[in-house]
Amino acid sequence: MAMASASAKGVFSSPLPSSSFSNPSPKSSSLLSFLRNTASTTTAISFKLSHSPSHSRCHFFTVNNVLKTVAPTENSDLNHSQDLSPPSPNQRSTILVSEKLGEAGLELLRSFGDVECLYDLSPDELCSKISSCDALIVRSGTKVTRQVFEAAKGRLKVVGRAGVGIDNVDLQAATESGCLVVNAPTANTVAAAEHGIALLAAMARNVAQADASVKAGKWQRSKYVGVSLVGKTLAVMGFGKVGSEVARRAKGLGMHVIAHDPYAPTDRARALGVELVSFNQAMETADFVSLHMPLTPTTSKVFNDETFAKMKKGVRIVNVARGGVIDEDALLRALESGIVAQAALDVFTEEPPKESKLVQHENVTVTPHLGASTKEAQACVAIEIAEAVVGALKGELSATAVNAPMVPPEVLSELSPYFLVAEKLGRLAVQLVAGGSGIRDVRVIYRSARNPDVLDTRLLRAMITKGIVEPISASFVNLVNADFTAKQKGLRIIEERIVADSSPEFPVDSIQVQISNVDSKFKSAVSNNGDISIEGKVKFGIPHLTCVGSSAVDVSLEGNLILCRQVDQPGMIGQVGNILAENNVNVSFMSVGRTVRRKKAIMAIGVDEEPDKETLKRIGEVPAIEEFVFLKL
Ligand SMILES: NC(=O)C1=CN([C@@H]2O[C@H](COP(=O)(O)OP(=O)(O)OC[C@H]3O[C@@H](n4cnc5c(N)ncnc54)[C@H](O)[C@@H]3O)[C@@H](O)[C@H]2O)C=CC1
Ligand SMILES: O=C(O)C(=O)COP(=O)(O)O
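Residues numbered from 1 in each chain as written. Chains lettered and ligands numbered in written order. Predicted model: local features only at pLDDT ≥ 70, side-chain atom pairs only at ≥ 80, totals over all residues. Heavy atoms only, no water.

Asks: Would you mind going over the overall build of the protein with me for this structure?
Replies: Along the protein, the regular secondary structure elements total 19 helices and 26 strands. Each of the 633 residues in the protein was classed as buried or not, and the buried ones make up 55%. Of the accessible surface of the protein, which amounts to about 27,100 Å², a share of 53% is contributed by carbon and sulfur atoms. (Helix = DSSP H or I, 4+ residues; strand = E, 2+ residues; numbered from the N terminus. Buried < 20%, exposed > 50% of the residue type's maximum accessible area, 1.4 Å probe, protein only. Areas by Shrake-Rupley, 256 points an atom, 1.4 Å probe, with all protein chains shown as cover.)

As structure tokens, this is what we get:
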């Protein structure tokens, strides 16, 4: 299939060989500017690669829809469009801090945006305030409910949880509204572990009860005889960051430590000399049980009547995780029956607990959710969350996002040049669908010289979804809500990876987007299998359209595009070029792909401006042009 390409000035240049790639993996230092340069005026993608140990968990990107601001859909209160562009210097972000945060973190936030600290807001007050906020920073005391996201009306871009547990944030609602949720997962680990150990020792030696007794003028030495820790078996339930640190410290106290965690790596346990056991084994053998799992639908009330019945009589329980993992009524019954000798609780189902018999029980030691409350931890948490929130507001990657896929930085760096081509292909494909036909089935074919199993396509899929969905709806799509939005719109995106005979140096050779079971407004975009089909590549860092239907073309995906099917005859480029020139429409790129010599050709014309209706009509009237379509990129 012959192909020629012409520059804007009408001078023919030799076609770019389809295998010719510039190195599309710029160095990370120039990545941001690279992306800005290649991004269209409507979209910029930016992110930061962080290599600091505290940010080593995972990396993400956010997509900035720079110019687009559209009205919310009628379908979902959460499906608002957002302008996620980094604010211009005189358009500062508004950051609401709803609970006490360390001064260093506040300083960092103030250097970036307008910070308002409003503590103890009622749910209604939070809802009425939130629509004027770009970011919200909370600790465990603020419930960020679906109502809050609805009330935000699409403005809220990021919720920062200054701590670990995100059970007080409705993640599903956040995701549906495309709002990123970030936390500070490492800064309070030691504080929480130390508090767990403090409660363990205080409980075993009746410190709180004895303290109250002495202060009440009593001297009850025999009443407060304790139990020793050394040689006792401690079951750590949830062997994550806090659980591991508790285990390490308990070993130092001479305890025999076992742990239960269905997801914990055995080598971590082995390294600490901790035996990983089943839930039942832990319950049946432990003298002390320390809880360190998150509150999720699976762990909710996992310590209930049935569980307590499995425990050794006289067991002692520490909870610095979440109150909701224990059925508090069942714990009270277990204390009264003597199955549980003592409990030490930092967290409660309802905080602060109201008229709780459990709290008042003489064998229960309580603290008001103090696990993370050390000066050191709070200083670090504040900085960790402020950095994450500012980064997210700038459109950078967040190492601590909790509702977006985890993508290692090296994968991100390699794939970033392909984001734009993926979005543009989605955008073009959807515009080729004839009005009225509902899109359901989308097939994306990635050709790559690499092993198909190692190609992580989630980000590319998100960008294709963005490209398909945004032109035809008021939805705003980013990495956070791409899969959810596709599902909500009834889009089935099937991905296929084909091993290509190209250079394995680059992660992707080409991306093909096919839409099945629809009519096309440009018949030539329909391939032999009846699907609308277009293919793109990255060439010299620029996204290119390389195939339309069954015809090869080569046009850079910048500005707007006119696709024509015409009789292959001399003078066609000139005729169409003249019509555009007469109407002051600048041609940026032209490419003609012939299917049959002197019979049929496909012409792709990149134009900077949008031609008016009359100009398009004149193109359609050129006798040799059989069909054409104007597509906005
Ligand atoms: N009281 C306080 O002030 C604080 C409380 N926390 C709580 O501690 C929890 C743990 O924090 P990190 O250790 O930093 O989190 P993490 O994510 O490092 O560890 C949690 C561990 O629990 C495990 N897990 C999940 N489901 C489980 C199940 N059904 N049974 C057993 N293990 C399960 C996970 O695999 C993970 O290893 C947080 O979710 C938070 O709720 C954390 C910090 C301070
Ligand atoms: O980090 C956590 O999960 C905590 O529970 C700490 O909560 P806080 O920030 O002290 O309200």
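Asks: What am I meant to see in the pattern of salt bridges here?
Replies: Pairing of side chains with opposite charge becomes possible as their charged atoms draw close. This model, assessed by the stated rule, comprises 30 salt bridges. Salt-bridge contacts for E495 lead to R461; the nearest nitrogen and oxygen are separated by 2.8 Å. Of this pair, E495 sits in strand β18 (residues 492-499) while R461 sits in helix α16 (residues 458-469), and the two are 34 residues apart along the sequence. As a salt-bridge pair, R565 and E627 come within 3.1 Å of each other at their nearest N and O atoms. Placement of the pair is R565 in strand β23 (residues 560-567) and E627 in strand β26 (residues 625-632), with a sequence separation of 62 residues. Exposure remark for E627: the relative accessible area of 13% places this residue in the buried category. Residues joined in a network through salt bridges with shared partners are E423, R427, K466 and E470. (Salt bridge = Lys/Arg side-chain N within 4 Å of Asp/Glu carboxyl O.)

Asks: How should I be thinking about the site of ligand 1 in this particular structure?
Replies: Residues in close proximity to ligand 1 total 24 residues, the closest being K241, V242, D261, V320 and D346. One nitrogen or oxygen atom from the main chain of V242 is found 2.8 Å from an oxygen atom belonging to ligand 1. Burial of ligand 1 by the protein chains amounts to 86% of its free accessible area of 850 Å². Each residue belonging to the shell around ligand 1 can be placed in one class, and the counts come to 12 nonpolar, eight polar and four charged. (Near = heavy atom within 4 Å. Polar contact = N/O pair within 3.5 Å; in protein donor to acceptor, adjacent residues only side chain to side chain. Nonpolar A, V, L, I, M, F, W, Y, C, P; charged D, E, K, R; others polar.)

Asks: Please clarify how the site of ligand 2 should be interpreted in this entry.
Replies: Every residue lining ligand 2 is accounted for by R139, S140, R161, A162, G163, V164, G165, N188, R322, H369 and A372. One nitrogen or oxygen atom from the side chain of R139 is found 2.8 Å from an oxygen atom belonging to ligand 2. Partitioned by chemical class, the residues of the shell around ligand 2 number three nonpolar, five polar and three charged.

Asks: Whenever I open this one, unusual backbone geometry confuses me. Can you help?
Replies: For residues besides glycine, phi is generally negative; the peptide bonds are generally trans as well. Between E351 and the following residue, P352, the backbone shows a cis peptide bond with an omega angle of -5°. Mapped onto the elements of the fold, P352 is located in the loop between β15 (340-345) and α13 (357-360). At K153, a position not held by glycine, the phi torsion is positive, near 50°. One can find K153 in the loop between α4 (146-152) and β8 (158-161). Its relative accessible area of 60% is what places K153 among the exposed residues. With phi around 55°, K301 is a residue other than glycine that occupies positive phi space.

Asks: How should the nonpolar core be read in this particular structure?
Replies: The nonpolar side chains of a soluble globular protein tend to be buried, and buried together. Counting 80 residues, the largest nonpolar core has L109, I511, L545 and L563 as its most contacted members. The greatest single-element share of this core, amounting to 10 residues, is contributed by helix α15 (residues 409-431). Sequence-distant contacts of I511, that is, excluding residues within four places in its chain, are made with Y418, V421, A422, L425, V444, I445, Y446, L460, I464, I534, E535 and G536. Counting residues in each nonpolar core, the second largest holds 30 residues, with A235, A282, V289 and A330 among its members. (Core = buried A, V, L, I, M, F, W, Y, C linked by side-chain atoms within 4.5 Å. Contact = heavy atoms within 4.5 Å.)

Asks: What is the right way to read the state of the cysteines from this model?
Replies: In protein chemistry, a disulfide is the covalent bond that joins the sulfur atoms of two cysteines. Inspection of the entire model under this criterion finds zero disulfides. The thiol of C547 is unpaired, and the distance to the nearest cysteine sulfur, on C564, comes to 17 Å. On the accessibility criterion, C564 (0% relative accessible area) is buried. (Disulfide = S-S within 2.5 Å.)

Asks: So what exactly am I meant to see when it comes to the packing of α15 against α16 here?
Replies: Helix-helix packing is characterised by the crossing angle of the two axes and by the distance between the axes. α16 packs onto α15 with a crossing angle of 25° between their chain directions and a minimal axis gap of 7 Å. The pairing of α15 with α16 is recorded here as roughly parallel in orientation. For the crossing formed where α15 meets α16, the hand is right-handed. Residues L412, L415, Y418, F419, A422, E423, G426, R427 and V430 of α15 pack against L459, L460, M463, I464, K466, G467 and I468 of α16. (Axes fitted to C-alpha atoms, helices over the stretch in contact; angles between N-to-C directions. Parallel < 35°, antiparallel > 145°, perpendicular 65-115°, else oblique. Left-handed = near helix turned anticlockwise from the far one by under 90°.)

Asks: Looking at this model, I keep getting lost on the domain arrangement of the protein. Mind explaining?
Replies: A common way to report how large an interface is uses the accessible area buried once the components associate. Looking at the assigned domains, one finds that the protein contains domain 1 (94-183 + 378-394), domain 2 (188-366), domain 3 (407-557) and domain 4 (558-632). For domain 2 and domain 3, the distance between their C-alpha centroids amounts to 52 Å. (Domains from an automatic or database assignment.)

Asks: What is the right way to look at the sheet that holds strand β10 (residues 233-237) in this model?
Replies: Strand pairing in a sheet is mediated by backbone hydrogen bonds. Such pairs are either parallel or antiparallel. Pairing is parallel in the open sheet, where seven strands are placed in the order β12-β11-β10-β13-β14-β15-β16. The open sheet has two edge strands, β12 (275-276) and β16 (364-366), and neither has a second partner. In the sheet, β15 pairs with β16 via three bridges, with the strands oriented parallel. Bridge pairing in β16 links L345 to V366. (Pairing = 2+ DSSP bridges.)

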